[in-house]
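Per-entry structural report
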Amino acid sequence: MKILTILGARPQFIKAGAVSREIAKHTHLKEVIVHTGQHYDANMSDIFFEELHLSQPDYFLGIGGCQVLFRYGPLTTNQYTNSQDTNNQ
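The model shown is predicted, which means the values in this text are computed figures rather than measured ones. (Residues numbered from 1 in each chain as written. Predicted model: local features only at pLDDT ≥ 70, side-chain atom pairs only at ≥ 80, totals over all residues. Heavy atoms only, no water.)

Our next topic: the overall build of the chain. Counting its secondary structure elements, the chain contains 3 helices and 3 strands. Starting at the N terminus, the α and β elements of the chain follow one another as β-α-β-α-β-α. Residues classed as buried in the chain amount to 29% of the 89 residues present. Restricting the contact set of the chain to residue pairs at least 6 apart, pairs at least 24 apart contribute 75%. Of the roughly 6,100 Å² that the chain leaves accessible, carbon and sulfur atoms contribute 53%. (Helix = DSSP H or I, 4+ residues; strand = E, 2+ residues; numbered from the N terminus. Buried < 20%, exposed > 50% of the residue type's maximum accessible area, 1.4 Å probe, protein only. Contact = heavy atoms within 4.5 Å. Areas by Shrake-Rupley, 256 points an atom, 1.4 Å probe, with all protein chains shown as cover.)

Here the focus is the pattern of salt bridges. Scanning all chains against the criterion turns up 1 salt bridge. With a shortest N-O distance of 2.9 Å, glutamate 22 and lysine 25 are connected by a salt bridge. Take lysine 25: its relative accessible area is 59%, and that puts it in the exposed class. (Salt bridge = Lys/Arg side-chain N within 4 Å of Asp/Glu carboxyl O.)

Here it is in structure tokens:
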């Protein structure tokens with residue numbers, strides 16, 4: 001089963017650290033990390049990946065603000081369109 005984690009603001013990075021470590025313990029789960037790019041400088045973003053031991057993002061959107069909603073919609077559709085039925089997983 002795929003789990004999509006979308007990161008943009010500082011609180012999301014902090015929460016994702018703990019959640020991602022738990023997801024990694026389960027071989028049947030695949031986490032897909034999307035970084036919106038809301039915080040694009042190293043002091044506001046890269047440092048969280050390093051210090052919280054987060055995997056590098058699978059996708060970097062390079063955007064911020066309300067544009068995020070318009071950009072990750074197609075991404076989620078592409079990730080899950082041809083995947084297995086996960087209703088019972």
